[in-house]
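# Survey of secondary and tertiary structure
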Amino acid sequence: IKSCGNHSCPHPALHPLWQSPLTIPGGTRQSPINIQWRDSVYDPFLKPLKISYDPTTCLHIWNNGYSFLVEFDDSTDKSIIVGGPLENQYRLKQFHFHWGAINDWGSEHTVDSKFYPAELHLVHWNAVDYPSFEDAVMEGNGLAVIGVFLKLGARHEGLQTLVDALPAVRHKDTVIEFDEFDPSCLIPSCPDYWTYAGSLTTPPLTESVTWIIKKKPIEVDEDQLEAFRTLLFTSDGEEERRMVDNFRPLQPLMNRTVRSSFQ
Ligand SMILES: Cc1ccn(O)c(=O)c1
Ligand SMILES: [Zn+2]
């Protein structure tokens, strides 16, 4: 039990948001998971991940009552990723974050059981095989999500443009126009990643995600993390509930191997 501000806060896995951790019956490839570095298997056939985003495809930021999402125009192949563990190219749809009430936790994935204070997810869908994001969400190879850990350190200038816009989306279901943002500034230059077959970490929890978790974190400063924590789960007029600890508890690895792109 750790004190976090005005009330004693249970361990994140017991947090009210996930009091009874959501599980899907028969789930064999659920996310997030702990990545045990020594159990990951180097795969020399994994290609480098190629990321090409067009900043003009950036549309808006909105608070969906669970996180804040930066959404992109995914009607063309202007912003895509290809290579890595992927069979074909995937289109960028949105990115969002998960974070904690305090710096001791907040990420969804852990590395050797270590939590980071936050985790970025860049969500892409397989527009080669499926007609829409909604269709792709239901398919085993439908989505590819790049996960990037955030650690406490130097101020991140690229993130700051996003942070400056957050007061405008403080309440659930608020939206603000946001353009000319290139999210590749949030991705570490180090090419190393882990990859495994998993799921969405929010309902419908479908097992449709090829996860690509970058080994190196990006650095953000305390004020930037605190800015995330000023957001609300609640709509304007409702009793305020701070948007913190919006991460799902760890799920069993079951019969899966995490591969690494590095030795
Ligand atoms: C599509 C989707 C929805 C929620 N989250 O957390 C994800 O990482 C991806
Ligand atoms: Zn996510």
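The paragraphs below set out a description of the structure included in this document. (Residues numbered from 1 in each chain as written. Chains lettered and ligands numbered in written order. Predicted model: local features only at pLDDT ≥ 70, side-chain atom pairs only at ≥ 80, totals over all residues. Heavy atoms only, no water.)

## Examining the site of ligand 1
Here is the rule: Consider each residue's heavy atoms; a residue with any of them within 4 Å of a molecule or strand counts as near. N or O atoms closer than or at 3.5 Å make up a polar contact, with two conditions inside protein: a donor-capable atom paired with an acceptor-capable one, and, for residues adjacent in sequence, both atoms drawn from side chains. We get accessible surface area from the Shrake-Rupley algorithm with a probe of 1.4 Å; when it comes to residues, only the shown protein chains can shield them.
Surveying the vicinity of ligand 1 reveals the residues H96, H98, H121, V123, F133, L200, T201, T202 and W211. Note that an oxygen atom of ligand 1 is positioned 3.1 Å from one of the side-chain N or O atoms of H98. Here an oxygen atom of ligand 1 sits 3.1 Å away from a polar atom, N or O, in the side chain of T201. Protein burial of ligand 1: of its 270 Å² of free accessible surface, 89% is covered by the chains.

## As for the coordination of the zinc ion (ligand 2)
Where a metal carries four tetrahedral donors, each ideal angle is 109.5 degrees; where it carries six octahedral donors, the ideal angles are 90 or 180 degrees. Let me state the cut-off plainly: Note that water is not among the atoms used; donors are N, O and S atoms within 2.8 Å of the metal (3.2 Å for Na, K and Ca), so sites may look incomplete. Helix and strand assignments come from DSSP, with helices taken as H or I runs of at least 4 residues and strands as E runs of at least 2, each series counted from the N terminus. Relative accessible area decides the class of each residue, using a 1.4 Å probe on protein chains only: under 20% of the type maximum gives buried, over 50% gives exposed, and in between gives partly exposed.
The coordination sphere of the zinc ion (ligand 2), as far as protein atoms go, consists of H96 (NE2), H98 (NE2) and H121 (ND1), spread over 2.0 to 2.1 Å. Sequence positions of the donors to the zinc ion (ligand 2) reduce to the motif H-x1-H-x22-H. Taken as a pair, H98 in strand β9 (residues 90–99) and H121 in strand β11 (residues 118–125) lie far apart in primary sequence, 23 residues in all. Exposure class is identical for H98 and H121. Each is buried.

## Side note on the packing of aromatic side chains
What describes a pair of aromatic rings is the distance from one ring centre to the other and the angle between the planes of the rings. For clarity, the threshold we go by: Stacked, edge-to-face and tilted are the three classes for Phe, Tyr and Trp ring pairs, Trp counted by its six-membered ring, which pair at centre distances within 6.5 Å; planes under 30 degrees apart are stacked, over 60 edge-to-face, the rest tilted. The criterion is that NZ of a Lys, or CZ of an Arg, lies within 6 Å of the ring centre and within 35 degrees of the ring normal, and then a charge sits over that ring.
Evaluation of the coordinates by the stated rule reveals 14 aromatic pairs. With centroids separated by 5.6 Å and ring planes inclined at 70°, the aromatic side chains of W194 and F262 adopt a geometry described as edge-to-face. Taken together, the positions of W194 in strand β14 (residues 193–198) and F262 in the segment after β17 (259–260) put the pair 68 residues apart, joining distant regions of the chain. Like F262, W194 is buried. Against the face of Y116 rests K114, its NZ or CZ located 4.7 Å from the ring centre. In this structure, K215 is placed above the aromatic ring of F262, and the distance from its NZ or CZ to the ring centre is 4.7 Å.

## Some thoughts on the layout of surface pockets
We count it as follows: Within this scheme a cavity is a closed region of a 1 Å grid, computed over the protein atoms alone, that accommodates a 1.4 Å probe without allowing it to escape, whereas a pocket is open but has protein on both sides within 12 Å along at least five of seven lines; lining residues each have an atom within 4 Å of a point. Grid points are joined across faces, edges and corners, and a volume is the space filled by probe spheres set on the points. Each residue is assigned to one of three groups, with Ala, Val, Leu, Ile, Met, Phe, Trp, Tyr, Cys and Pro labelled nonpolar, Asp, Glu, Lys and Arg labelled charged, and all others, Gly among them, labelled polar.
Estimates place the volume of the largest pocket at around 450 Å³. Lining of the largest pocket is provided by 22 residues; of these, L69, Q94, H96, L200 and T202 occupy positions nearest its centre. Of all the secondary-structure elements, those providing two or more residues to the lining of the largest pocket are β7 (68–72), β9, β11 and β12 (143–152). Considering each element in turn, the lining of the largest pocket owes the most residues, 4 residues, to β9. Split by residue class, the lining of the largest pocket holds 12 nonpolar, 8 polar and 2 charged.

## Remarks on the pairing of β7
Applied cut-off: At least two DSSP bridges between two strands are needed for those strands to be called paired.
Most of β7 sits out of view: 5 of its 5 residues are buried. The side-chain alternation of β7 yields two buried faces, one formed by F68, V70 and F72 and the other by L69 and E71. With 5 bridges joining them, strand β6 (residues 58–63) and β7 adopt antiparallel strand pairing. Among the inter-strand pairings, I61 is bridged to a residue of β7, identified as V70. Hairpin geometry of β6 and β7 is characterised by an intervening segment of 4 residues between the two adjacent antiparallel strands and by a positive phi of about 85° at G65. As paired strands, β7 and β9 are joined by 2 bridges and run antiparallel to one another. Pairing of E71 across the sheet is with Q94, part of β9.

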